[in-house]
Amino acid sequence: MAELSCDVLVVGAGPTGLMLANWLVRLGVDVIVTDGKEGPTRESRALVVQARSLEIYDQLGLADQVLEAAGRADALAPGYLGRAFGRIRLGPLGGDLTPYPHIEVLEQSRNEEILYENLRKLGADVRWETPVTAVKQVEDGVEAKVGNDTVRARFCVGCDGSGSAVRKARRIAYEGVTNPHRFYVIDAVGVAGLLENAINVRPGGSDFLLAFPMRGRHAWRLLGLVRDDDGDGRLTEEDVRPRLKEFAVTYSESRWFATYKVHHRVAATFRDGPFFLAGDAAHVHSPVGGQGMNTGMQDAHNLAFKLADVLRGRRKDAWLDRYEAERRPVARTLVATTDRIFGAITSQRPVARLLRRFVVPVVAPLGVRFAPRVSVGSRAFQYVSQIRVHYWMTPNAKDVAGGRRDPVVGRRLPWAGGNFEVLRELQWQIHAYGGVAETDVPDLGLAVHVFPPAPGTGLRPGQLYLVRPDGFVAAQATVAEAPSVFPALLRG
């Protein structure tokens, strides 16, 4: 037995916990990471890396490694049963919005391996096969039983999944519902009947099929509904193959098969004193849109900077309340949206089945034809890729704005073609996009970056933008206004 101490105890070394640990170590925070598993996950349902997560990987210096390991889906391919209606190419929808306008297919296990390898390069590690069995709040933070050791920390973050021991120990409610159906996931090879290099989305009268291209010739991940059609009391691949034939899809063999239930839940709070929840410990939802793993990694990114600010004395403890204020609304919206969409796809009510049968074959081909040409397609890309997330930057910002969300302030910095590299400085900074010379910018002790005008991004010439270390725009002001507007947002 040993008594250990650290700034932050990270419970769980999945993608959320590993992302959090990477960022905390990069920011100079002393971390202990623990997990009851023997090592990184081997199989997992999560496999899509969205644009916003790739931007975070880029800020961490890992984007090229992720892209090299990933397979690319450059289109969506809607269909109905055995019919495919064509491709909606993603490049035209997001090419002006992000350096990463495609959907990268990379299993959770590979994300974990990349993050774990980088964590070790940074000089930290994970205490594998070491579960947390008890946690309690003490005067100076947290005390936890970690394996046979006792760990004292200023803060503890539960990144330990939907069954979170941290959440249960703190008696935080996990509010929501469970979909009544059971679903399958198959990693299959020798697959035929799908449009290549595209995410195939095919509802049916009583079923649906989601298919994601994976690395390897004719290798796909297939997801859908499973029922015990042969009545043997077991759910196996043999219950799935006849259903796939309804979609004109076949495969030769599988590398992995599993069944699971889909839950839609959000924790009642993301912060309880020195305890925080992130990732599936805080929210869980359907695989629609490939949002789950990405949302967890973005929780970690957001929280890491706030913890580092407080631990280094740059901010007061109340700054940490902004984590829940910013991230919980994102989770609630996401869970509500995916719940509605997934319910519409899986509902067995006669009306829903009729709508899928008669409406989808009419609407989906129109989507293929017109989505690249209309703003709705671009807006949909922004939501799915999570680059349109909005935070209210101060507790009263929503009231001051009358509930109207600014197109720039409160959002991740719009991409202007060459303005993301400076975000690797991991510092508050001031940006200008035309109409301002660097010598015009008042000295506020921050780095100043002046870029050419960026039409079409919402970034206006003659304005200064205060950008947080996590890449979100905290405020906008003229040169004259900045000395009175910006300092208030820099103080904690």
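Let me sum up the structure you'll find in this document. (Residues numbered from 1 in each chain as written. Predicted model: local features only at pLDDT ≥ 70, side-chain atom pairs only at ≥ 80, totals over all residues. Heavy atoms only, no water.)

Focus: the packing of aromatic side chains
- Per the counting criterion, the structure on display carries 10 aromatic pairs.
- With 4.4 Å between their ring centres and 20° between their planes, Y391 and F472 make a pair best called stacked. Here the residue Y391 occupies a position in the loop between helix 12 (375–384) and helix 13 (397–400), and F472 occupies one in the loop between strand 23 (464–467) and strand 24 (473–477), the gap between them amounting to 81 residues. A single burial state applies to Y391 and to F472, both of which are buried.
- Aromatic side chains Y433 and Y465 sit 6.3 Å apart centroid to centroid with 65° between the ring planes, which places their arrangement in the edge-to-face category. Pair noted here: Y433 is in strand 21 (residues 429–433) and Y465 is in strand 23, with a separation of 32 residues, a long-range link.
- Y433 sits in the buried class, given a relative accessible area of 0%.
- Through pairs of rings, three or more aromatic residues link up here, namely F155, F270, F276 and Y323.
- The side chain of R167 reaches across the aromatic face of Y174, ending 3.7 Å from its centre.
- In this arrangement the basic side chain of K306 is found over the ring face of W319, its NZ or CZ atom lying 5.2 Å from the centre. (Phe/Tyr/Trp six-rings, centres within 6.5 Å; stacked < 30°, edge-to-face > 60°. Helix = DSSP H or I, 4+ residues; strand = E, 2+ residues; numbered from the N terminus. Buried < 20%, exposed > 50% of the residue type's maximum accessible area, 1.4 Å probe, protein only. Lys NZ or Arg CZ within 6 Å of the ring centre and 35° of its normal.)

Some thoughts on the nonpolar core
- Counting residues in each nonpolar core, the largest one holds 103 residues, and the members touching the most others are V8, L9, M19, L24, Y57, V157 and L307.
- In terms of residue count, helix 8 (residues 292–311) provides more of this core than any other element does, 10 residues in total.
- Discounting chain neighbours no more than four positions away, the residues touching V157 are V8, L9, V10, V11, L20, F276, A278, L303 and L307.
- L413, V422, A474 and A482 belong to the second largest nonpolar core, which has 33 residues in total. (Core = buried A, V, L, I, M, F, W, Y, C linked by side-chain atoms within 4.5 Å. Contact = heavy atoms within 4.5 Å.)

Thoughts on the side chain of R322
- As for its position among the elements, R322 is in helix 9 (residues 321–346).
- Looking at R322, its side chain comes within polar contact range of the main-chain oxygen of W392, at 2.2 Å.
- Contact partners of R322, with chain neighbours within four places excluded, come to K306, W392, M393, T394 and P395. (Polar contact = N/O pair within 3.5 Å; in protein donor to acceptor, adjacent residues only side chain to side chain.)

Notes on the pairing of strand 5 (residues 75–80)
- Of all six residues making up strand 5, five are buried, and the element is well covered by its neighbours.
- Where strand 5 lies against strand 7 (residues 88–89), two bridges are found, and the strand directions are antiparallel. Following the sheet pairing, A75 is matched in strand 7 by R89.
- In this sheet, strand 14 (residues 198–203) lies alongside strand 5 in parallel orientation, the contact comprising four bridges. Of the residues in strand 14, the one forming a bridge with L76 is I199.
- Direction of pairing for strand 5 relative to strand 6 (residues 83–84): antiparallel, over a ladder of two bridges. (Pairing = 2+ DSSP bridges.)

A look at the environment of L459
- Within the secondary structure layout, L459 lies in the loop between strand 22 (447–451) and strand 23.
- Separated by 51 residues in sequence, L459 and V408 place their C-alpha atoms 7.1 Å apart.
- The contacts of L459, once residues within four sequence positions are left out, are V408, L413, P414, Y433, A454 and Y465.

Digging into helix 1 (residues 15–26)
- Here helix 1 is 12 residues long and its end C-alpha atoms lie 16 Å apart, about the 16 Å a rise of 1.5 Å per residue gives.
- Within the span of helix 1, buried status applies to P15, T16, G17, L18, M19, L20, A21, N22, W23, L24 and V25.
- Just downstream of helix 1 lies G28, where phi reads positive at about 85°. (Expected span 1.5 Å × (residues − 1).)

Examining the pattern of salt bridges
- The tally for this structure, following the rule as stated, stands at 28 salt bridges.
- In this structure, E38 engages R42 in a salt bridge whose closest nitrogen and oxygen atoms are separated by 3.0 Å.
- The class of E38 is exposed, set by a relative accessible area of 53%.
- The shortest N-O distance in the salt bridge between R424 and D58 comes to 2.7 Å. (Salt bridge = Lys/Arg side-chain N within 4 Å of Asp/Glu carboxyl O.)

Section: the pairing of strand 2 (residues 31–34)
- Burial along strand 2 is two-sided: V31 and V33 facing one way and I32 and T34 facing the other are all buried.
- Both strand 1 (residues 3–11) and strand 2 contribute to a ladder of four bridges, which runs parallel. Bridge pairing links V8 to V31 in strand 2.
- Handedness of the crossover joining strand 1 and strand 2 through helix 1: right-handed.
- Pairing analysis gives two bridges linking strand 2 to strand 9 (residues 126–127), with the strands arranged parallel. In the sheet register, V33 faces strand 9, and the bridge partner there is V126. (Right-handed = clockwise from strand over helix to strand, strands pointing away.)

Don't take any of this as a statement about function, it's just geometry.
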